[in-house]
Amino acid sequence: MDLAETARAVRDNAYAPYSGFKVGAALQGADGTLFAGCNVENVAYPEGTCAEAGAIAAMVAAGQTRFEAAYVVADSPTPVTPCGGCRQKLAEFARGPDVVVTMATIGGEEMSLTIAELLPGAFDAAQMDIAKS
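From a predicted model like this one, the values you see are computed outputs, not experimental measurements.

### Regarding the nonpolar core
Counting residues in hydrophobic clusters, the biggest one holds 22 residues, and the most contacted among them are Leu27, Met59, Phe67, Val72, Leu90, Val101 and Ile115. Counting only elements with at least two residues in this core, the list comes to β1 (23–29), α2 (51–61), β3 (67–74), α3 (84–93), β4 (100–105) and α4 (115–118). Contact partners of Leu27, with chain neighbours within four places excluded, come to Leu3, Thr33, Leu34, Phe35, Ala55, Ile56, Met59, Phe67, Ala69, Ala70 and Leu90. Counting eight residues, the second largest nonpolar core, distinct from the first, contains Ala69, Tyr71, Val73 and Ala104.

Pasting the structure below:
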C-alpha cells in the first residue's frame, strides 16, 4: 500500500460515534515505513485523539522520530487541514519545514501544503534551547 491507500484504509477504523467525522492519516517515516492513525473520539469530548496524533504515536512507538510525507483523508466536501494542535505536532516530527502534507477527501480531491505553509512561524525546540534528536 502507498501513503494515500494507507490513510484511506485506516480511516475506516476511526471511532467517531459522536461527530460521525472519520479521519485517517498516514506518515512515511525517514526509512520509508508507513505509519497510520485514525481519530478516536470519547464521550468526554474533546478527550479524543486526532488521526495525525495517532500516526505520530505509532511512528514514535516504532522508534522513529522523523517523517518525510503525510497524507490525511476525511469525508468532507473539500480537503480539511489538520487542527492547530496537530499542525504543531506535525511540525515537531517532520524532517523539515518543506515536508509536504497532502489533505484529501474520500472522493479523491487533494490539496497539498508544506509544514511551513500549514504552520508559519512554528514554535520550535530551538526556541527553548532544547536539542532535537
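### Some thoughts on the environment of Tyr45
With respect to the helices and strands, the residue Tyr45 is situated in the loop between β2 (34–38) and α2. Along the primary structure Tyr45 and Pro120 are separated by 75 residues, whereas in three dimensions their C-alpha atoms are 28 Å apart.

### Considering the layout of surface pockets
In this structure, the largest pocket spans a volume of roughly 400 Å³. Among the secondary structure elements, those contributing two or more residues to the lining of the largest pocket are α2 and β3. Split into classes, the residues belonging to the lining of the largest pocket amount to 13 nonpolar, five polar and two charged.

### Describing unusual backbone geometry
For the peptide bond that leads from Tyr45 to Pro46, omega is 15 degrees, which places it in the cis range. Its place among the elements puts Pro46 in the loop between β2 and α2.

### Some thoughts on helix α1 (residues 3–11)
Looking only at α1, the buried set comprises Leu3, Ala4, Thr6, Ala7, Val10 and Arg11. Take α1 and look down its axis: the buried residues cluster within an arc of 165 degrees, on one side only. A distance of 3.2 Å separates the backbone nitrogen of Ala4 from a side-chain oxygen at the start of α1, and that oxygen is part of Asp2.

### A short note on the side chain of Glu41
Inspection of the secondary structure assignment puts Glu41 in the loop between β2 and α2. This buried residue, Glu41, is left without a salt bridge; Lys22 holds the nearest opposite charge, at 10 Å. Engagement of the side chain of Glu41 in a polar contact is seen with the side chain of Ser19, the distance being 2.2 Å. Excluding its chain neighbours within four sequence positions, the residues that come into contact with Glu41 are Tyr15, Ala16, Pro17, Tyr18, Ser19, Gly20 and Gly48.

What counts as what
Residues numbered from 1 in each chain as written. Predicted model: local features only at pLDDT ≥ 70, side-chain atom pairs only at ≥ 80, totals over all residues. Heavy atoms only, no water. Core = buried A, V, L, I, M, F, W, Y, C linked by side-chain atoms within 4.5 Å. Buried < 20%, exposed > 50% of the residue type's maximum accessible area, 1.4 Å probe, protein only. Helix = DSSP H or I, 4+ residues; strand = E, 2+ residues; numbered from the N terminus. Contact = heavy atoms within 4.5 Å. 1 Å grid on protein atoms, 1.4 Å probe; cavity = no way out; pocket = protein on both sides within 12 Å on 5 of 7 lines; lining within 4 Å. Points joined across faces, edges and corners; volume = space filled by probe spheres on them. Nonpolar A, V, L, I, M, F, W, Y, C, P; charged D, E, K, R; others polar. Arc of directions from axis to C-beta. Polar contact = N/O pair within 3.5 Å; in protein donor to acceptor, adjacent residues only side chain to side chain. Lys, Arg positive; Asp, Glu negative; His and termini not counted. Salt bridge = Lys/Arg side-chain N within 4 Å of Asp/Glu carboxyl O.

The values are spatial; any link to function lies outside them.
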